[in-house]
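Inside the fold
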Amino acid sequence: MTRSDAPSAQSAHLAQLNVATLRHPLDDPRMAPFVEMLEPVNAAADGTPGFVWRLVDEGAADATELRPAGEDVIVNLTVWETQEALWDFTYRSGHLEVMRRRREWFERHVEAHLVLWWVPAGCLPTVGEALERLADLRANGPSPRAFTFTSSHTAAEAAAYLRSRELRAAPSAPEPSAGNARPMPAGGAAAR
């Protein structure tokens, strides 16, 4: 995919990554309430209007064993049709109970732990891209390339931002587009 394939407002989905630093190992009894909520919350996400995809470990039902951000850090990487769909799931569903109790299970983050960005519809972000977007947000603050709910940008703003960066970078070699998003597998939604 080239930089000119940046998502347009009509053909973009919202990707989100959040990371959480565990207070205790997942098999610790103090983590049992969180672990028990994983399956129903993930099932609710899967059935929510506007849900597209979520990262899962191969052969598993979730991504809690994947540790690309550190041994004590779990990641949640999802794609949604709209920012509103993600907001509704996050703050207007059973997921809110997990949010309310997060301090029982996770350390308080001093730096950004959630990042949002637009990807071309039909493409899935990679874990590497997601971590790079989070690093960008932490280093540079919100932009159309990496933002939060409180500093959000539209897909059109993101596309314009990427085009302006492309023009400033010319004639040097273009950067990878849309942060290395990979095409969605045939048949629509990715395997969960």
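Just above, that's the structure.
Structural notes, computed from the coordinates. Every chain is numbered on its own, with residues counted from 1 as its sequence reads. Note on the predicted model: pLDDT of at least 70 is required for a residue's local features to be given, and 80 or more for side-chain atom pairs to be given and counted; whole-chain, interface and lining totals, by contrast, use all residues. To get the side-chain values, all heavy atoms of the structure are used, and hydrogens and water are removed first.

1. Focus: the nonpolar core
In plain terms, the rule: For our purposes a nonpolar core is just a set of buried Ala, Val, Leu, Ile, Met, Phe, Trp, Tyr and Cys residues, chained together by side-chain atoms within 4.5 Å. Burial status follows relative accessibility: with a 1.4 Å probe on protein chains alone, a residue under 20% of its type maximum counts as buried, one over 50% as exposed, and anything between as partly exposed. Helical segments are the DSSP runs of H or I of at least four residues, strand segments are the runs of E of at least two, and each set is numbered from the N terminus. Every residue pair with non-hydrogen atoms within 4.5 Å of one another is taken to be in contact.
In terms of nonpolar packing, the biggest core is built from 27 residues, with M31, F34, W80, W105, F106, L116 and W118 touching the most fellow members. If you list the elements that add at least two residues to this core, you get strand 1 (12–21), helix 1 (32–46), strand 3 (73–80), helix 2 (83–91), helix 3 (95–105), strand 4 (114–120) and helix 5 (155–169). When residues of this core are assigned to their parent elements, the largest contribution, 5 residues, is made by helix 1. Look past the residues within four positions of W80 in its chain and what remains in contact with it is H13, L14, Q16, A45, T48, G50, F51, V52, A85, L86 and F89. In terms of nonpolar packing, the next biggest core, distinct from the first, is built from 19 residues, L17, W117, V119 and A146 among them.

2. Re the packing of helix 1 against helix 3
Heads up, the rule is: Here an axis means a line fitted to C-alpha atoms, over the contact stretch when the element is a helix, while the angle between two N-to-C directions is reported on a 0 to 180 degree scale. What sets the label is the angle itself: under 35 degrees gives roughly parallel, over 145 gives roughly antiparallel, 65 to 115 gives roughly perpendicular, and the rest give oblique. Here a crossing is taken to be left-handed if its near helix is turned anticlockwise relative to the far helix by less than a right angle, and right-handed if that turn runs clockwise. When residues are sorted by character, Ala, Val, Leu, Ile, Met, Phe, Trp, Tyr, Cys and Pro go into the nonpolar class, Asp, Glu, Lys and Arg into the charged class, and all the rest, Gly among them, into the polar class.
Across the interface, helix 1 lies against helix 3 with an axial gap of 11 Å and an inter-helix angle of 155°. Our classification of the angle between helix 1 and helix 3 gives roughly antiparallel. Between helix 1 and helix 3 lies a crossing whose hand is left-handed. Taken together, the residues of helix 3 that come into contact with helix 1 (itself represented by P33, F34, M37 and V41) are H95, E97, V98, R101 and W105. Taken together, the residues of the contact of helix 1 with helix 3 sort by class into 6 nonpolar, 1 polar and 2 charged.

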